[in-house]
Structures are given as C-alpha cells and as structure tokens.
Amino acid sequence: MIVYEKRYDIIVVGAGHAGCEAALAGARMGCDTLLLSINLDAIALMSCNPSIGGLAKGHLVREIDALGGEMAKAIDETGIQFRTLNTRKGPAVRASRAQADKQLYRARMKRVLENQKNLSMKQAEVVGLHVEDGAVLGVDTRVGVRFLGKTVILTTGTFLRGLIHVGLTSFAGGRAGDLPAVGLSDSLRKLEFEVGRLKTGTPARLDGKTIDFGRLEVQYGDTPPIPFSFSTDRIDRPQLPCHIVYTNERTHEIIRANLDRSPLYGGVIEGVGPRYCPSIEDKVVRFPEKERHQSFLEPEGADTIEIYPSGLSTSLPIDVQFALYRSIEGLEQVEIMRPAYAIEYDYVDPIQIHASLETKPVRNLYHAGQINGTSGYEEASAQGLMAGINAALRVKGKEPLVLGRGDAYIGVLIDDLVTLGTREPYRMFTSRAEYRLLLREDNADLRLREKGYAVGLVPESDYQRFLEKKEMIGAELERLKTERLVPSETDRSFLDEYGLADLKNAVSYEQMLRRPEFTYADLEKVDEVCRHLPSAVKEQVEIQIKYQGYIDRQLQQIERASKLESARIPDDFDYRALPGLSAEVREKLIRFRPDTIGQASRIQGVTPAAVSILSVAIKAGKGK
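Nothing here was measured: the structure is a model prediction, and the numbers come from that model.

Caption draft 1: Here's a closer look at the overall build of the protein. When helices and strands are tallied, the protein shows 20 helices and 22 strands. Here the protein has a C-alpha radius of gyration of 26 Å; the compact-globule value for 624 residues is 25 Å, and the two agree. Across its three principal axes, the protein shows a C-alpha extent of roughly 85 × 70 × 50 Å. Expressed as a percentage of contacts within the protein between residues at least 6 apart in sequence, the contacts between residues at least 24 apart total 73%. Approximately 26500 Å² of the protein is accessible, and the part contributed by carbon and sulfur atoms is 49%. The distance from the centre of the 83 positive side-chain charges to the centre of the 87 negative ones in the protein is 3 Å.

Set out below in structure tokens:
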C-alpha cells in the first residue's frame, strides 16, 4: 500500500449530490479537502429524475441555499422549467420544483468543484477505511493508494455492492454505465456497522423523435420562473414544456401478464423499495381499482432528444418494457434509448450516527446521503452539506452545527434518521415536520442565513443583502402597526368594495392585512409606500401578520421541547444500571444510544414514564 504524500483535513468519498455539497462546504470553510469518485465525468449526475425540488424537497433546497450550499444556484443556472406546487394551499406546503438540463447541471457542478480553492479531485475507488483506536485516519483505494485525512465523509449513493436488475437478468453496477463499489461494505461490516440492503429504480429513457407530442396534453412552467436561490434575481434561460400521458387497461394487462418475469415479484430482489415512489408494476398490483396512472414526459435537456417518463419506473424485461410503453397513447411507435432498471445497494442503519452525522462506532467518520437510507438528490445534498460543515468544525476544534426539528426540514430529516432509523428508502414530506408553519420555503433565509454566515459559508455580499431584507421586513411590520385607514379620508368605492362602508373608526394597515381576503395587492390601492417594496418583503410581512397566532403557538411548543433537546446523555451512560426501565425500553436505548433526552423521547417504544426516569437520572448524575 502506497501512502500518498499529502494529508488532508477532509476526505469525501463519492461525488454525487451529497459528495458535492460536502466537499464544497469543507473547502469553503478553509479545510484542505479531497474528493474521490469512481468516475469524475459523472459528478452530480442525475441518475434518475432530471429535476430538483418538489413537495418538501423544495424546502430542503431553499435551506441548503440559505446555509451557503450550491444546489439552488446550480438549478437556477441550468433549469428548463420552473413551477410552484400547491399554490392553492397555505404557504407552509407550497413548494418549488424545476426540470434540469441534466448534462448542463452536471457540467456546471463539476466546473464549480474544479475551481474551488482548497479542493482536490481524484478518480479512485475506495475499498476500505484505515482506522486506528476507534478513529478513522484515511481511506484505501483499489489501486493500492492510501489517502490520509483527519476526517472522512462517505457519500456512496447506490454504489455499495450495487446490483442492477432488468427482468431476471442481473449485473453489477453503481448505476447504468458505472462500476459498483465492492470492498467498502466489507470494511464497514468489520467495523461493526449494521449494513442492510435497499432498492430503487428508474424508468426507461425514450427517443423524443418517436413520440407523437401533438396528441398529448402540454404542461408549461410558471411565467416568470421563480428562482430557488435567495441570491438569484431572475431566470433568463429559455424554458421548455412537459407533456402528460396516462397508462390504460392494456398497459396494466401487459404488466399483470408478465409479473412472473419481474425480479420484484420473482424473489430476485432482496432490498426494500421506496414506498412513496413505486414502480409501475407495483402501482398496478397495489391499486387494481385504478383505471390509469399519470406520467409526465420530461425533457432531459435543451440539446437532447431523451425523454424521462416520470412515474413509469420498472424492472420488467426489455421486451415487456417495449410493449408497456407502446401501449400508451402517443407512444405507439416509441423507441427506448436506455432501458429501465431496478438497483439494489447496501446502506448503513442510520441509528449508528449522531445528529452531527458523525458515526458512533468510528470517530471522525461521517455518513451522508443514501448510505443513511435516504432517497432523493435533495435529501442527499442536505446531509452532505451538514456533514461537510461538521467535519470542518471538527478539524477546527469547534462544536458541531446541529439543526433541530424547529429550525429546518434538514433538522427533521436528520433527527428522523438518527432516532427512528429506516428499513426503506426515506423520503421527506411536509407531514413529517410538526412545526411546518414555521419551516416554510419562503423564510428559509430568515431561519438559517445567519447560521451559514457564522460557519463561513455565506459570502459577505449575500449576507449584507439578507440583512437589508431583514431590516426592511422589520421596518414594514412596525409601519403597518401605526399607519391607519381613516374612513373619512378614503375613497367611498374602496370602502364599498371591501365591505367597509359601515366602518366608523380608523383601523391600522396591520389589522386590514389580518383579514383572510385582504392582501398587499389590495393595500396598494390606498397605500403608496408598499407599492415600492420588494415582493419578497411583502410576502414575508403578509404571512407573518396573517398567521401570527399560529406562529406564536408553534414557537411556544418549540421552546418547551428545547429543554429535552438540550439535556445531553453521556456517551458512556449505563442503561443497565438504571432501575425502573422495562427490558424493552432498556434494549432500545442501548441499541439506539440517543444523544439527548429529546432524541430518546422519539424512539418508538420509549414511554413518557421511561423518559422521566431517564431525565431524573441524568440530572442526578447517575448511569456513569
């Protein structure tokens, strides 16, 4: 084994979405960082859906941006269709989504990485970890080079013993066209990590020249497109439409007739698949009453004919794939450019990581992304960013940055993983966040910008821009309390239009905006000052005023919960010596090793009575 001449502060293994954010965060915080990838031409490649954001995922992207991450800027520069989802619902569940030019996104992210100070990139397959005295000291590669580092971040995606399935044919691969990572799983098992098996899949890529788009329903994006990043003023790129298709009874008959050739139903696949993103054969079996299933035909870029049929992933044999895709209206003559497939891969049970994403069995080792059992680019990027931040803070001898459930969706994501673990690919939903009215997309910068600036990731120019916005919001909230609508000085037609004809006394503009049906657009008719405010400022002010009661209630809930979150449990706490705990509770606490009383309270099966016993013991200094 050759030991490379340079020792790094941070070594990042894997250059998917988690690896990119981790490497950039570490380097931008001043640490000498090494990024290792099996294929440097596949950096930030979108293995599945060519899109960023979506329900709850858009929240994660905005939070990544607020902390100083890269994903939002990347999609703003390479997006080809932007849409805001759930516009008819409340602000807590509205979400942004954008189609990406797949190759432009990859190339843009690689360019950013290549030009980042303090960051080196090398093509290598990591096959083992170099560990001494319970701490990681570096990584070993397939070609016999050992790279030494103070910290290591594993972001291995679907590459750990990746196995691809097309029908009953299986072959090794990290994704179609890329080799798997074979030796690293064995190294993790030897270090007493609990390694499991998961499965995901992707649809075929279709030849756009062979699709009859004239017969399909068109779906356009928003005009104008709304950026993801708080630093982006506007989207200037040309936008492309998507198209909608539906399966039919013939499609379903083809699938049902060939289930015996499906690795999913033939017992070939061992791993558990994503519950909330099932394959088309899974949908047909689980929902037999449905006459059709919707699919969006999404272009993979402006300069390619490849089309991604969202919602039509499958692992059926290639001949069945041809038949099922061609059974759909508008796709009767379609040609498949890349077949659909399922992929199985190893992951590590996330109950073995701290909230900082450092692993419990090995010090200075961090896990981020699908190795923790998650699915999705956004979930991976969020973890990668936090792992990069905390690895850099460890190198600097500082305390980790841990976001709570009341701080961010990122906090919810990580807390769910470390306190509950997962036996299926984890996906973020707004329903997972109990404080979702506070954790909106629109206020991610107000929640997290200062934290990103404090660790050194938010540039000074972006931070000053944020401070100006924050000051304007505060000033406008104060102004609206004092500025008043005086009936005798207001145009009669305005009063009639808004049912204020009987109003005798003056009312503040704040009181006016509290009315559900009254908006800033209405206030502009009588108040010239607000006409000149930026839309982002008006949006924040209006939401804070209309939802103030609900917001205050959630803030009180967070304050009560914070007492449990701040009560730390010593790493060596002896649960066996604590009387009063049931055998089941004691077993779970020993297995999960929660960091705080708050984490312990969220472990399934740990009762409120057990939490009380544990709290008293911690205060009394017992269990050591």
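Caption draft 2: Structural context of the nonpolar core. By size, the foremost hydrophobic cluster in this structure holds 77 residues, and its most contacted members are Tyr105, Leu113, Met386, Ile389 and Ile410. With ten residues, helix α9 (residues 377-395) is the single largest residue contributor to this core. Core analysis: the second largest hydrophobic core is formed by 24 residues, Val145, Phe147, Leu154 and Val348 among them.

Caption draft 3: Molecular detail of the sheet that holds strand β19 (residues 341-348). Reading across the sheet, the four strands line up as β11-β10-β19-β12 and stay open at both edges, with antiparallel pairing between neighbours. For this open sheet the edge positions go to β11 (169-172) and β12 (195-202), each flanked by a neighbour on one side alone. Averaged over all pairs of adjacent strands, the angle between their axes in this sheet comes to 25 degrees, without regard to strand direction. Inspection of the sheet shows strand β10 (residues 163-166) paired to β19 by three bridges, in the antiparallel sense. Directly across from isoleucine 164, in β19, lies its bridge partner isoleucine 343.

Caption draft 4: Looking closely at the environment of aspartate 522. Mapped onto the fold, aspartate 522 is located in helix α15 (residues 520-523). Owing to a relative accessible area of 12%, aspartate 522 belongs among the buried residues under this scheme. Between the C-alpha atoms of aspartate 522 and tyrosine 498, which are 24 residues apart in sequence, the distance is 9.2 Å. Residues contacting aspartate 522, with those up to four places away along its chain left out, are Phe494, Tyr498 and Glu517.

Caption draft 5: Representation of helix α11 (residues 444-455). With twelve residues, α11 should cover 16 Å at 1.5 Å per step; its first-to-last C-alpha distance of 17 Å lies within 8% of that length. Among the residues of α11, those classed as buried are Ala444, Asp445, Arg447, Leu448, Arg449, Gly452 and Val455. In this structure, the buried residues of α11 make contact with α2 (57-67), α9 and α12 (460-482). Two residues or fewer past α11, glycine 456 is found with a positive phi of approximately 95 degrees.

Caption draft 6: The arrangement of the side chain of glutamate 125 in detail. Position of glutamate 125 among the secondary structure elements: in the loop between β6 (119-123) and β7 (126-132). One polar contact links the side chain of glutamate 125 to the main-chain amide nitrogen of valine 182, over a distance of 3.2 Å. When sequence neighbours within four positions are dropped, the list of residues in contact with glutamate 125 reads Ile38, Asp140, Thr141, Arg142, Pro180, Ala181, Val182 and Gly183.

Caption draft 7: Representation of the packing of aromatic side chains within the structure. Under the defined criterion, the tally for this structure stands at nine aromatic pairs. Judged by centre distance (3.7 Å) and plane angle (5 degrees), the rings of tyrosine 453 and tyrosine 463 are stacked. Separated by ten residues along the polypeptide, tyrosine 453 in helix α11 and tyrosine 463 in helix α12 bring together distant segments of the chain. Classification of tyrosine 463 by relative accessible area gives buried; the value is 12%.

Caption draft 8: Spatial organisation of the pairing of strand β15 (residues 242-246). Summarising burial for β15: four of the five residues are buried, a large majority. Sheet topology note: the strand β14 (residues 217-219)/β15 ladder contains three bridges and is antiparallel. From the neighbouring strand, glutamate 217 faces β15, where its bridge partner is isoleucine 244. Pairing analysis gives four bridges linking β15 to strand β16 (residues 294-299), with the strands arranged antiparallel. Looking at the pairing, isoleucine 244 lines up with phenylalanine 296 of β16.

Caption draft 9: Seen up close, the pattern of salt bridges. Here the structure, examined in full by the defined rule, presents 50 salt bridges. A salt bridge links lysine 525 to glutamate 497; its shortest N-O distance comes to 3.1 Å. Taken together, the residues span a long stretch of sequence, with lysine 525 in the loop between α15 and α16 (535-546) and glutamate 497 in helix α13 (residues 492-497) at a distance of 28 residues. Take lysine 525: its relative accessible area is 45%, and that puts it in the partly exposed class. Each of Arg405, Asp415, Asp416, Glu434, Glu565 and Arg602 takes part in one network of salt bridges that share partners.

Caption draft 10: Examining unusual backbone geometry more closely. Of the consecutive residues threonine 223 and proline 224, the connecting peptide bond is found in the cis state with omega at -5 degrees. In this fold, proline 224 is placed in the loop between β14 and β15. The phi torsion at asparagine 364 lies on the positive side, around 70 degrees, for a residue other than glycine. Among the secondary structure elements, asparagine 364 is positioned in the loop between β19 and β20 (365-367). On the accessibility criterion, asparagine 364 (16% relative accessible area) is buried.

Caption draft 11: Summary view of the pairing of β7. Among the seven residues of β7, five are classified as buried, and the element is accordingly described as predominantly covered. Hairpin connection of β7 to strand β8 (residues 135-141): two residues between the antiparallel strands, including aspartate 133 at a positive phi of 55 degrees.

Reading the values: rules and limits
- Along each chain, residue indices are assigned from 1 in the same order as the chain's sequence is written.
- Residues qualify for local features only when their pLDDT is at least 70, as the model is predicted, and side-chain atom pairs are given and counted only at 80 or more; totals for whole chains, interfaces and linings, by contrast, use all residues.
- As a convention, hydrogens and water are excluded, and side-chain values are obtained from all of the structure's heavy atoms.
- Only DSSP runs of H or I reaching four residues or more are called helices, and only runs of E reaching two or more are called strands; each is numbered from the N terminus.
- To get the radius of gyration, use the C-alpha atoms; to get the globule rule, take the number of residues to the power 0.38 and multiply by 2.2 Å.
- Contact definition: two residues touch when any of their heavy atoms are within 4.5 Å.
- Only the protein chains shown count as cover for residues, and the accessible areas themselves come from Shrake-Rupley with a 1.4 Å probe.
- Here Asp and Glu are counted as negative and Lys and Arg as positive; His is not counted, and neither are the chain ends.
- Charge positions come from single atoms, namely NZ of Lys, CZ of Arg, CG of Asp or CD of Glu.
- To define a nonpolar core, start from buried Ala, Val, Leu, Ile, Met, Phe, Trp, Tyr and Cys residues and group those joined through side-chain atoms within 4.5 Å.
- Relative accessibility thresholds used throughout: buried, under 20% of the residue-type maximum; exposed, over 50%; partly exposed, between the two (1.4 Å probe, protein chains only).
- We treat two strands as partners when DSSP finds at least two bridges between them.
- Angles here are taken between N-to-C directions and fall from 0 to 180 degrees, while the axes themselves are lines fitted to C-alpha atoms, restricted in helices to the stretch in contact.
- Helix span, expected: 1.5 Å multiplied by one less than the number of residues in the helix.
- Distance and chemistry together define a polar contact, namely a pair of N or O atoms within 3.5 Å, with one atom able to donate a hydrogen and the other to accept it when in protein, and with adjacent residues in sequence counting only for side-chain atoms on both sides.
- Stacked, tilted and edge-to-face are the three classes assigned to paired rings of Phe, Tyr and Trp, where Trp is represented by its six-membered ring and a pair needs centres within 6.5 Å; plane angles under 30 degrees give stacked, over 60 edge-to-face, the rest tilted.
- Salt bridge criterion: a side-chain nitrogen from Lys or Arg within 4 Å of a carboxyl oxygen from Asp or Glu.

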